[in-house]
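# Residue-level structural notes
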Amino acid sequence: MHGKGVIRLVTMKMPMSSRDQRWLARLTPISPLTVTLLLTRLRGVDVWERHAASLVVAAGAGDLLEIDRQQLAKVEWLCTIDEYLSRH
């Protein structure tokens, strides 16, 4: 069930030509990091939601790729900011 304000998860690979595009993503810290510790290491992201085990953030694709490369968190690409705004 998808109601207003609910973000539907879409898992995808990011096209390299869109590295500057802003995305909504769910970040789940990779052990031994916690959400609190992850917040101290993030740069260039806007936190939209904070949960006990994850964060929903808005960030540039390049920043999300770097978070994934550094294995700070599992990155779940939700949708672009433009897609989100067109639906709400």
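Scoring rules and cut-offs
- Residues numbered from 1 in each chain as written.
- Predicted model: local features only at pLDDT ≥ 70, side-chain atom pairs only at ≥ 80, totals over all residues.
- Heavy atoms only, no water.
- Helix = DSSP H or I, 4+ residues; strand = E, 2+ residues; numbered from the N terminus.
- Buried < 20%, exposed > 50% of the residue type's maximum accessible area, 1.4 Å probe, protein only.
- Contact = heavy atoms within 4.5 Å.
- Areas by Shrake-Rupley, 256 points an atom, 1.4 Å probe, with all protein chains shown as cover.
- Pairing = 2+ DSSP bridges.
- Axes fitted to C-alpha atoms, helices over the stretch in contact; angles between N-to-C directions.
- Salt bridge = Lys/Arg side-chain N within 4 Å of Asp/Glu carboxyl O.

On a plain count of helices and strands, the protein chain comes out with three helices and four strands. Listing each helix as α and each strand as β along the protein chain from the N terminus yields β-α-β-β-α-β-α. Counting across all 88 residues of the protein chain, residues that qualify as buried make up 39%. Taking the intrachain contacts of the protein chain between residues at least 6 apart in sequence as the baseline, contacts between residues at least 24 apart amount to 64%. Total accessible area on the protein chain is roughly 5700 Å²; 52% of this is exposed by carbon and sulfur atoms.

A few words now on the sheet that holds strand 2 (residues 45-50). The sheet built from four strands is open, its strands ordered 2-3-1-4 with antiparallel pairing. At either end of the open sheet lies a strand with only one pairing partner, and these are strand 2 and strand 4 (73-80). On average, adjacent strands in this sheet sit at an angle of 30° to one another, irrespective of strand direction.

Now for the pattern of salt bridges. Under the criterion given, the structure shown has four salt bridges. One salt bridge connects glutamate 66 with arginine 69, and the closest N-O pair in it is separated by 2.6 Å. Placement of the pair is glutamate 66 and arginine 69 together in helix 2 (residues 61-69), with a separation of three residues, close to one helical turn. Take glutamate 66: its relative accessible area is 30%, and that puts it in the partly exposed class. A single network of salt bridges, built from pairs that share partners, joins Arg26, Lys74 and Glu76.

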